[in-house]
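Structural features, examined
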Amino acid sequence: MTIRKTVLLSALCAFLIACTSVEPTQNQFEESKQRQFFEGLKKLCGKHFEGKMTYPEEGQDSFAGKVLVARFMECGNPDIRIPFDVGKDTSRTWIISQTANGLQLKHDHRHADGTPDEINMYGGLAKSDGSHLSQAFYADAHTAAIIPAAATNVWTLSLSADGQTLTYYLERNAAPRFKAVLKQVKN
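Residues numbered from 1 in each chain as written. Predicted model: local features only at pLDDT ≥ 70, side-chain atom pairs only at ≥ 80, totals over all residues. Heavy atoms only, no water.

**Things to note about the overall build of the protein**
Tallying secondary structure elements over the protein gives three helices and 11 strands in all. When the helices and strands of the protein are placed in sequence order, the string is α-α-β-β-β-β-β-β-β-β-α-β-β-β. Buried residues in the protein amount to 37% of all 187 residues. Sequence-distant contacts, at least 24 apart, represent 38% of the contacts inside the protein between residues at least 6 apart. (Helix = DSSP H or I, 4+ residues; strand = E, 2+ residues; numbered from the N terminus. Buried < 20%, exposed > 50% of the residue type's maximum accessible area, 1.4 Å probe, protein only. Contact = heavy atoms within 4.5 Å.)

Here you go:
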């Protein structure tokens, strides 16, 4: 084979490879952002955040006037468990999991003796509108079955770019329902 044919064949091969290379699909992109978010949360293991409810207005919710604390206690694969205290009430834990269907948020509610509350493990899956700093979780079928009014819930967890502020935001029927802003407490 002559040098000219070799160069031509090499150029043709390079062209064909370039034409057949596949751009990442939207799903791969979403998974990547979800994975980045999850890994960012894992880095907070051992840290805790304190704050308060900022919506609705004072007196319109049972969380009003109470110190809210999110503690990043268990940060492994596939779950991150974040106990969420409302004043002296330690019955809640957020569970963020990597699943085959994407990133998932569940709310684990327990009685003082450790038994599950009747309304337990509600939450949903993240969709495409997330980033490495924020993910929105859309109510799943289990949530709709145990809390029919929450079928349209969207929970959003966000971290500030510096990792010092954690925001938990809930919408129902595309309207604000609850918001808490918590700041990282230095150990």
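**Structural notes on the side chain of Lys42**
Locating Lys42 in the fold gives a position in helix H2 (residues 26-42). Within the structure, the side chain of Lys42 is placed 3.2 Å from the side chain of Asn77, a separation counted as a polar contact. When near neighbours in sequence (up to four residues on either side) are disregarded, Lys42 contacts Cys75, Gly76, Asn77 and Ile80. (Polar contact = N/O pair within 3.5 Å; in protein donor to acceptor, adjacent residues only side chain to side chain.)

**Some details on the environment of Ala175**
Here Ala175 lies in strand S11 (residues 175-185). In the structure, Ala175 is positioned 23 residues away from Thr152 in sequence and 9.9 Å away in space, judged by C-alpha atoms.

**Topic: the environment of Gly130**
By secondary structure assignment, the location of Gly130 is in the loop between strand S7 (122-126) and strand S8 (134-139). Residues Gly130 and Ser158 lie 28 residues apart in sequence; the distance between their C-alpha atoms is 9.5 Å. Those residues within four positions of Gly130 in sequence are excluded, and the remaining contacts are Lys33 and Gln135.

**Structural notes on unusual backbone geometry**
The linkage connecting Tyr55 with the following residue, Pro56, adopts the cis geometry, with an omega of 0 degrees. Note on placement: Pro56 falls in the loop between strand S1 (48-55) and strand S2 (68-71). Positive phi is not limited to glycine here, since Asn173 has a value of about 55 degrees. Relative to the assigned elements, Asn173 resides in the loop between strand S10 (165-172) and S11. With relative accessibility at 56%, the residue Asn173 sits in the exposed group. Within the chain, Ala174 stands out as a residue other than glycine whose phi angle is a positive 60 degrees. Its place among the elements puts Ala174 in the loop between S10 and S11. Judged by relative accessible area, which is 68%, Ala174 ranks as exposed.

**So, the pattern of salt bridges**
Applying the stated criterion across every chain, the model contains six salt bridges. Across the salt bridge formed by Lys106 and Asp140, the nearest N and O atoms sit 2.6 Å from each other. Placement of the pair is Lys106 in strand S6 (residues 102-109) and Asp140 in the loop between S8 and helix H3 (141-146), with a sequence separation of 34 residues. Using a relative accessible area of 10% as the deciding quantity, one classes Lys106 as buried. (Salt bridge = Lys/Arg side-chain N within 4 Å of Asp/Glu carboxyl O.)

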